[in-house]
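# What the coordinates show
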Amino acid sequence: MLSSNSKGSDVMEYKSAGAALGSSSGKAPYQRCSSQDSLDEQAMVDYFKEVEIIQRSGDAETQEDLQLKVADEGEQEEAWLMEAGLATLFDESASDGEDGIVLLSTLTRTQAAAVERRVETLKQTLRKRNKPYSVPDVREIFKPSPASQSKVRNGAGPDAPGGGADSETDINLEVSFSEQALIYKEGLKVTQPQNEADDRLPDFKVSQDKTGQTRVGDLSDEDMKKVRRLVLIEMSALFDTCGIEVKAHKALKVKVRESGLFGVSLSTLLEQDQRRIPGTKVPLILQHLISHIEEQGLDTEGVLRIPGAATRVKAVCHELEHKFYESMFPWESLKQHDAASLLKLFIRELPYPLLTVEYFNAFISVLKLPTKKQQLQALNLLLLLLPEPNRDTLKALMEFFQRVIDHKDRNKMTLNNVAVVMAPNIFMCKGFRSKISEQQEFAMATGTANIVRLLVRYQNLLWTIPKFILNQVRKQNMENQRKMNRDRAVKKLLKMMYDRERAEGGFIRVQAPQFSMVSMAVQLTEDLKASDVLTRFLSQERTLSVKRDDLCLYEMGGNIKERCLDEETYIKALLELNPTAEWVIKSVQH
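Looking at an unreviewed UniProt entry, one finds the protein chain named Rho GTPase activating protein 18, with Cyprinus carpio as its source organism.

If you want it as structure tokens, here you go:
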């Protein structure tokens, strides 16, 4: 923290940054806030220097302000229930009736409490407005069966999986995060959020799961839709359990560019790019800027901190708009610091925040959670809620930032340095900033920088799907299967019997319809992994031109639609979890 005995030059420089920011915005300088205790003085100077650079660049003047609106009373709950696939709870004509009932049957007690809270709030709002409503009594919706009561009793105590025995650095992916938070809360472990330096961020451990890790992109679209609904409920349950209220904003439509590179929505950019390169998931302009910065060498000191010349950056931006898609832009003449400034400009100029308007406040609220583990869990859930273009673009940025940090001994860009420089570019949404005081924004400086730190430091954990969510998806799929017609159910039963006999016989049959081999029998052992199956396949198909890295063994059918398996997946363990699955080798696009 800054104190009265801090070096005079540091304090003056720190105040100068705040004063410069205040004068450029036409407002009073920032005042010292007691919450600035996690990043050193120089880091804060760098943060507000970046803010000053952004404001002086004037790039935002060319773009219409994003107008944000807090949802009216009851409106937020109605939108939440619709997004969670539970519209049938307030609208009997909704099309998600059967799916909603199945979804409700898989919820944990904390997840059910989150739904119940929003249904009750909506019900009270409609009653106040004297509007007719068909919201059912929440006591009937969540009336527990004897089996579920027993399940709650057996799964809620400190001795339950994920209970009080876990250390603060052990990540349990098999038990709902909100259930873990409730156990933590009931154990009266009250601590304040702590912010550590680069070298003191904890090394979280995830025990190896024999059924394999599931990464974003491994599941079918149909299963991902179920994942997203469950994650929304779980994220809300986690904040509810910790007593943190998150008000969601909604964006009013603004006039945005319908073509070009800067100031264009991600969806529009990707539509343009996919016409040129099918399957593009990250905007081509961003990919080119990252590649150019790396080709120039990441050893350059202050590679993301030192800005390019403002007039030159504007001129290059204009030139890119006209020459990029024609492949006529002279990349060899683009200076590295100018390229970094263009990368930051691209992020800021997005008409809607990269973290989205809907979840912007939730990201800001993450650091209110009492432990680093819970903060990490909340970020994991929030990333899964982002639209796919936003999530993929954010991931590309975090991977790039880590590569910059890998050269910190030469470029002087540590995790802290990268975080404080990039946080204003990611979080400075004009519509949001206009609604908060300067004191609040000053207090947010450390918070937003720390969120970026977590996103970069733990990216290998954050872009994965927790096993408890995947298990809930499996339960939904199994329940849906039970509702199929009798003939199909009989066929499934016969297939299950056949697969069990086949497994007991010690073999599984792997199909490869994309290739010349129709299927192959693989001996089933305790140690058989997905990687072993791929190795066996390649040994028999020596004429294939496809690379090993472009092949994946898929788990298909049974209680999951489709899942690309982690190569460390143990097949026998997974077969016990999904006895009716089929095994298919396919090529994948990275």
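Having seen the structure, we can now continue with the description.
## A few points about the overall build of the protein chain
Scanning the protein chain from N- to C-terminus turns up 25 helices and nine strands. Within the structure as shown, the protein chain displays about 28,600 Å² of accessible surface, and the carbon and sulfur contribution to it stands at 50%.

## A look at the sheet that holds strand S5 (residues 507-511)
In spatial order, the strands read S6-S5-S9-S7-S8; together these five strands make up an open sheet with mixed pairing. Strand pairing shows two members of the sheet lacking a second neighbour, strand S6 (519-523) and strand S8 (560-564), which therefore form its edges. For this sheet, the mean angle separating the axes of adjacent strands, direction not counted, is 30°.

## Things to note about unusual backbone geometry
The phi torsion at serine 327 lies on the positive side, around 55°, for a residue other than glycine. Residue serine 327 is classed as exposed on the basis of its relative accessible area of 69%. Even without glycine at this site, threonine 356 takes up a positive phi of about 70°. Residue threonine 356 is classed as buried on the basis of its relative accessible area of 6%.

## Observations regarding empty space enclosed by the protein
It is a probe the size of a water molecule, rolled over the atoms, that shows where empty space is left. Applying the stated criterion across every chain, the model contains three cavities of 30 Å³ or more. In this structure, the second largest cavity encloses a volume near 100 Å³. Of all the secondary structure elements, the ones that give two or more residues to the lining of the second largest cavity are helix H15 (372-385) and helix H21 (459-462). Per element, the largest residue contribution to the lining of the second largest cavity is three residues, and it comes from H15.

## Examining the nonpolar core
Among soluble globular proteins, nonpolar side chains are generally buried collectively. In this structure, Val115, Leu304, Leu320, Leu342, Leu343 and Phe401 are the most contacted members of the largest nonpolar core, which totals 124 residues. Residue contacts for phenylalanine 401: discarding those within four places in its chain leaves Leu304, Val418, Met422, Ile426 and Val456.

## Digging into the pattern of salt bridges
Any two side chains of opposite charge can pair if their charged atoms end up close together. Taken as a whole, this structure holds 24 salt bridges when the rule is applied. Close ionic contact of glutamate 50 with lysine 344 constitutes a salt bridge, the shortest N to O distance being 3.1 Å. Taken together, the positions of glutamate 50 in helix H2 (residues 41-57) and lysine 344 in helix H13 (residues 336-349) put the pair 294 residues apart, joining distant regions of the chain. Between arginine 257 and glutamate 321 there is a salt bridge whose closest N-O contact spans 2.7 Å. A residue pair is termed long-range when its members are at least 10 positions apart, and arginine 257 in the loop between strand S4 (249-251) and helix H10 (266-276) and glutamate 321 in helix H12 (residues 310-323) qualify at 64 residues. For glutamate 321, a relative accessible area of 22% gives the class partly exposed.

## Quick word on the state of the cysteines
According to the stated counting rule, one finds one disulfide in the structure shown. Bridging cysteine 552 to cysteine 564, the disulfide has an S-S length of 2.0 Å. Between cysteine 552 and cysteine 564 the sulfur-sulfur dihedral comes to about 115°; the bridge is accordingly right-handed. One end of the pair, cysteine 552, is in strand S7 (residues 551-557); the other, cysteine 564, is in strand S8, with twelve residues separating them in the sequence. For cysteine 552, a relative accessible area of 4% corresponds to the buried category. Cysteine 564 gets classed as buried once you look at its relative accessible area, which sits at 9%.

Analysis parameters
- Residues numbered from 1 in each chain as written.
- Predicted model: local features only at pLDDT ≥ 70, side-chain atom pairs only at ≥ 80, totals over all residues.
- Heavy atoms only, no water.
- Helix = DSSP H or I, 4+ residues; strand = E, 2+ residues; numbered from the N terminus.
- Areas by Shrake-Rupley, 256 points an atom, 1.4 Å probe, with all protein chains shown as cover.
- Pairing = 2+ DSSP bridges.
- Axes fitted to C-alpha atoms, helices over the stretch in contact; angles between N-to-C directions.
- Buried < 20%, exposed > 50% of the residue type's maximum accessible area, 1.4 Å probe, protein only.
- 1 Å grid on protein atoms, 1.4 Å probe; cavity = no way out; pocket = protein on both sides within 12 Å on 5 of 7 lines; lining within 4 Å.
- Points joined across faces, edges and corners; volume = space filled by probe spheres on them.
- Core = buried A, V, L, I, M, F, W, Y, C linked by side-chain atoms within 4.5 Å.
- Contact = heavy atoms within 4.5 Å.
- Salt bridge = Lys/Arg side-chain N within 4 Å of Asp/Glu carboxyl O.
- Disulfide = S-S within 2.5 Å.

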